[in-house]
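Descriptive analysis of the structure
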Amino acid sequence: MAHCSDTESEPGSSVSGWDTGDSLQMATELGHIGDGAAHMLTVPDALDRLAGLDICAVKQDERLHEEVQQVSSALLSFLDGAITAGQVNGQNPEKLQEALCMMLHATSMTLLLDYRFLFRDLAARSLEGSTSAIATATWLQHLDAPISDIRVRHSVEWWDEALVETLQCDPTAALSMLSRLLSSAMVQVKRSQPTTLDGPVLDMILKVCWSIKHVLQLVHVDVTTFSTLYGLMYTMFMALEDEETELAIKDLLIEGLSFSTNGLQQALDDVCDPQSDCARTLERSQLLNATLSSGEVVRMLDMRSIRQTLQILTLAWTAGRRPCALRGLVQQFLTIVVDWVDSEWLESEAWIVVRDAMIVALAAWKGYTNATASPVPAGTAGEKLVGELIEDADPLELPLAAALAQYFCETMKHPPYNALALSEAFNYFRDVALLILNHEYGGTDEPLSLLVAPAIFRALIANVQYAPPATRNYITSSPWTLCLVMHMKRLEDEGQSEEYYQILREQVYPLIKILGHIVGCVLQRLSASLMSCTCGSCSCPKQRLQARLRMCR
C-alpha cells in the first residue's frame, strides 16, 4: 500500500462534509486498488525481505514502513486465501502446505513476533485520516458480487447483504464517504483517459454508484447537497467509456440522477456548458449513422449507449436544461434513431433495448419545444412511428404504455389532430386503465401499474379534452368507456380496504374525478341534442344514451 498521510486535512466548504483538498492523492490511491493481487509478494519472498531488515532501523525510519506494510499485506492475504478458499493464486495443495510450514517454522514465528507491535501500529495508522476512504474503497472492491452478474438490475436482492446493512447503519455518514470516493474516482477517470480504467477500480466505482443510489432513497437530502452530488454524477457519466462495466455504472448514475429534478437542474447549471450535450449527441449520431451506412449490425453495447444518451438527454430536458445550441443536431439524432428502430422488426433487440427510452425522449423533446415556444419542424421525428405503434401496442406492456402516455400528452397540446389516431389512442389507454382498475397486473408489474396509473389517466383526459367534437362524442359513448366510468366510480365510492386500491385511489383520485366529469358533460350534451330531435327513429338511441348518462352520475 502506498504511503498515506497520518492526519486528515480539515473539512473544506463542501456541504456534504467531505474535504476536496485531498482528492488528487486519493485518486492516486484508488488507481492502485486491485494491484495487490497482481504484485503480491510470495510467502518466501515476504519472509526473506522481513528477515533482511533491521528492526531497530525500521522503527526509526518511516521510509521502511511501506516495505513492512507490503510484507504484512502479503502474509495476511495468503492466510485469508488459505482459510476461505483453500487455495492461493492457483497454488496446488503441495505448494500451499509448503508455504504454511514455512510461516509456522520457529524462525519465522520468532520474526513475526518481533514485528507484531509494528504490524499493529501500521494497521491502525492505515485507518486514520484520508486513508479511511481508501480502506472503504478496498472493502467495496472485494465484496462478493461479480460484475458478470450485474447488468441493469437495481434491486437490493442481488447485492451483498453486508453492504446494505452497513449503508443502513448510518446513511448520512455513508453518503458523505461515498461522495468523497466518487469525487476522487472522477479525478482518476479523467487521469486515465483516453485509456480505460482497470477492472478493480471500475468494480469499486460501480459499487460506490450503486450505494449512492441506494442511500439517496434512505435519507432526506436538501437541494444544495443534491446539486453537489449530482454534479459529480453527471460529470462521471459524461467521462466514462461505453464498455460493459462502464455502461452498468452509467445505468446506476441515470437512476440516481432521476431522484431530484430541482437538484439536477441546479447541478447542470453549475457543471455543464451549453455544448456538453452536443458533443455526446453528435458522437452517438455519427456512430449509429456510420454503422447503418456500412450495413453492419448494431452491437448490444452500442444499443445500450444510445439508450443511455436518450435517457440523459431526457433528464436534462425535463430539468429545464437547454438541449444544446445546435437544435438541428438533436433533431437529426432523434430522426436517425427513429428510422433505425422503425426499420427493425418488433421483437428485435433494437426495439427491446431502445424503444421506451426513445419514445420518452421524443416526448421530452416535444415538451421542451412547447415550453420554449420553439417551432417544431414539420414531420417531427417519431410521429408516424408512435401513431402506428399505438395501433398494435399490447396493453400488458406497462413501460411502453407509460412512455406512450407521456408522448401523447405532449402531442395533444398542439393541433392538428388525426381523428382515427385519437380514437385508437383512447381505446389503447382505456384498456390499460381498465386493467389497472381491475388489478390485473401481478408480480413485479403490480407496483409499476400503480406508478404509471396517473400518466395513463392524464393521457385519457388529454384525449377527451383536445379531440374534435365528433371524435369526442364517439369515444365517450362507447360501451367500454362506460365500463371504465363504472370502475372509476367504484374506486371513488366504495373505498376498498385492499392496500392496492388504497394506493391507487391516492394516485388517481383527482384524475378520475376530472375524467368522469368530462365524459358526463359530453354525454349530457349528446342527450340534450337527441332530446331536441323530433325524428321518431331516434327513440332507441335516446333511451340508450339516457341509461348511460345515469351510469355517469
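Residues numbered from 1 in each chain as written. Predicted model: local features only at pLDDT ≥ 70, side-chain atom pairs only at ≥ 80, totals over all residues. Heavy atoms only, no water.

Quick word on the overall build of the chain
The line we're drawing: Helix numbers and strand numbers start at the N terminus; a helix is a DSSP run of H or I with at least 4 residues, a strand a run of E with at least 2. Each residue is placed in one exposure class: buried if its accessible area under a 1.4 Å probe, protein chains only, is under 20% of its type's maximum, exposed if it is over 50%, and partly exposed if it falls in between. Here a residue-residue contact requires only that any non-hydrogen atoms of the pair lie within 4.5 Å. For the area figures, the Shrake-Rupley method with a 1.4 Å probe applies, and any residue is considered shielded solely by the protein chains shown.
A count of helical and extended segments in the chain gives 27 helices and zero strands. Scored against the burial criterion, the 553 residues of the chain give a buried share of 48%. A sequence separation of at least 24 residues applies to 78% of the contacts in the chain between residues at least 6 apart. Of the accessible surface of the chain, which amounts to about 26,700 Å², a share of 54% is contributed by carbon and sulfur atoms.

Some details on the packing of helix α11 (residues 171–192) against helix α12 (residues 199–215)
Note the cut-off: For helices, the axis comes from a line fit to the C-alpha atoms of the stretch in contact; other axes are also lines fit to C-alpha atoms, and the angle between any two N-to-C directions lies between 0 and 180 degrees. Two helices crossing with the near one rotated counterclockwise from the far one by less than a right angle form a left-handed crossing, whereas a clockwise rotation gives a right-handed crossing. Think of it as three bins: nonpolar holds Ala, Val, Leu, Ile, Met, Phe, Trp, Tyr, Cys and Pro, charged holds Asp, Glu, Lys and Arg, and polar takes everything else, Gly as well.
α12 packs onto α11 with a crossing angle of 145° between their chain directions and a minimal axis gap of 9 Å. The chirality of how α11 crosses α12 is left-handed. Facing Pro171, Ala174, Leu175, Leu178, Leu181, Leu182, Ala185 and Val189 of α11, the residues of α12 in contact are Ile205, Val208, Cys209, Ser211, Ile212 and Val215. Of the residues that constitute the contact of α11 with α12, the class distribution is 13 nonpolar, one polar and no charged.

Section: unusual backbone geometry
Positioned with a positive phi, histidine 439 is a non-glycine residue whose angle comes to about 60°. Mapped onto the fold, histidine 439 is located in the loop between α22 (419–437) and α23 (445–466). We classify histidine 439 as partly exposed; its relative accessible area is 22%.

Section: α22
Selection rule: Helix span, as expected, comes to 1.5 Å for every residue beyond the first.
The terminal C-alpha atoms of α22 lie 27 Å apart, and with 19 residues this matches the ideal 27 Å at 1.5 Å per residue to within 8%. The set of residues buried in α22 consists of Leu422, Ser423, Ala425, Phe426, Tyr428, Phe429, Arg430, Val432, Ala433, Leu434, Ile436 and Leu437.

Remarks on the packing of aromatic side chains
To keep things clear, this is the line we draw: Pairing of aromatic side chains here covers Phe, Tyr and the six-membered ring of Trp, requires ring centres within 6.5 Å, and sorts the geometry by plane angle: under 30 degrees stacked, over 60 edge-to-face, intermediate tilted.
Following the criterion strictly, the structure yields five aromatic pairs and no others. Ring geometry for tryptophan 317 against tryptophan 365: centres 5.3 Å apart, planes inclined by 50°, an arrangement best described as tilted. A residue pair is termed long-range when its members are at least 10 positions apart, and tryptophan 317 in helix α17 (residues 300–318) and tryptophan 365 in helix α19 (residues 349–371) qualify at 48 residues. Residue tryptophan 365 is classed as buried on the basis of its relative accessible area of 2%.

Quick word on the pattern of salt bridges
As a working rule, side chains carrying opposite charge can pair if their charged atoms are close by. Which entries qualify depends on this criterion: By salt bridge we mean one thing: a side-chain nitrogen of Lys or Arg within 4 Å of a carboxyl oxygen of Asp or Glu.
What the rule picks out here adds up to ten salt bridges. One salt bridge in this structure joins aspartate 251 and arginine 304, with 3.3 Å as the shortest N-O distance. A residue pair is termed long-range when its members are at least 10 positions apart, and aspartate 251 in helix α14 (residues 244–257) and arginine 304 in helix α17 qualify at 53 residues. Look at aspartate 251 and you get buried, because its relative accessible area is 5%.

A few points about the nonpolar core
What counts, and what does not: By nonpolar core we mean a set of buried residues, namely Ala, Val, Leu, Ile, Met, Phe, Trp, Tyr and Cys, connected to one another through side-chain atoms within 4.5 Å.
Core analysis: the biggest nonpolar cluster contains 133 residues, and Ile205, Leu310, Met358, Leu404, Phe429, Phe457 and Leu504 have the highest contact counts within it. In contact with isoleucine 205, not counting residues within four places along its chain, are Ala185, Val189, Leu197, Met236 and Ile249. Counting 20 residues, the second largest nonpolar core, distinct from the first, contains Ala46, Leu53, Val58 and Leu96.

Quick look at the packing of helix α3 (residues 43–51) against helix α6 (residues 93–104)
For the record, the criterion: Any angle that is under 35 degrees is reported as roughly parallel, and any over 145 degrees as roughly antiparallel; angles of 65 to 115 degrees are reported as roughly perpendicular and all others as oblique.
One can describe the packing of α3 onto α6 by two numbers: an axis separation of 9 Å at closest approach and a directional angle of 20°. Our classification of the angle between α3 and α6 gives roughly parallel. Regarding α3 and α6, the two cross each other, and that crossing is left-handed. On α6, the residues touching Val43, Pro44 and Leu47 of α3 are Ala99, Met102 and Met103. Grouping the constituent residues of the contact of α3 with α6 by class yields six nonpolar, no polar and no charged.

A few points about the confidence of the model for the chain
For clarity, the cut-off: Per-residue confidence from the prediction method is given by pLDDT, with values spanning 0 to 100.
Model confidence for the chain is summarised by a mean pLDDT of 75, while 70% of its residues fall at 70 or above. Segment residues 127–131 is flagged for pLDDT under 50; beyond a separation of four residues in sequence, or across chains, it makes 13 contacts in the model. In this model, residues 373–379 is a region of pLDDT below 50 whose contacts with residues beyond four sequence positions or in other chains number five contacts.

Topic: the environment of alanine 393
As for its placement among the helices and strands, alanine 393 is situated in the loop between α20 (383–392) and α21 (398–411). In sequence terms alanine 393 and tyrosine 428 are 35 residues apart; their C-alpha atoms lie 7.6 Å from each other. Not counting residues within four places of it along the chain, the set of residues in contact with alanine 393 comprises Leu400, Leu404 and Tyr428.

A short note on empty space enclosed by the protein
Heads up, the rule is: In the cavity and pocket records, a cavity denotes points on a 1 Å grid over the protein atoms alone where a 1.4 Å probe fits but cannot get out, a pocket denotes an open set with protein on both sides within 12 Å along at least 5 of 7 lines, and lining residues are residues with an atom within 4 Å of a point. Grid points are joined across faces, edges and corners, and a volume is the space filled by probe spheres set on the points.
For the coordinates displayed, the defined rule picks out one cavity of 30 Å³ or more. Of the voids in this model, the largest cavity is the one considered here, and its volume is about 70 Å³. When grouped by side-chain class, the residues that make up the lining of the largest cavity number five nonpolar, four polar and two charged.

A look at helix α24 (residues 469–476)
To be explicit about the condition: What the arc covers is the set of directions going from the helix axis to the C-beta atoms.
By the burial criterion, the buried members of α24 are Thr471, Arg472, Ile475 and Thr476. Projection of α24 onto a plane perpendicular to its axis shows the buried side chains occupying an angular sector of 120°, all on one side. Looking at α24, the residues exposed on the side facing more than 90 degrees away from the buried face are Pro469, Ala470 and Tyr474.

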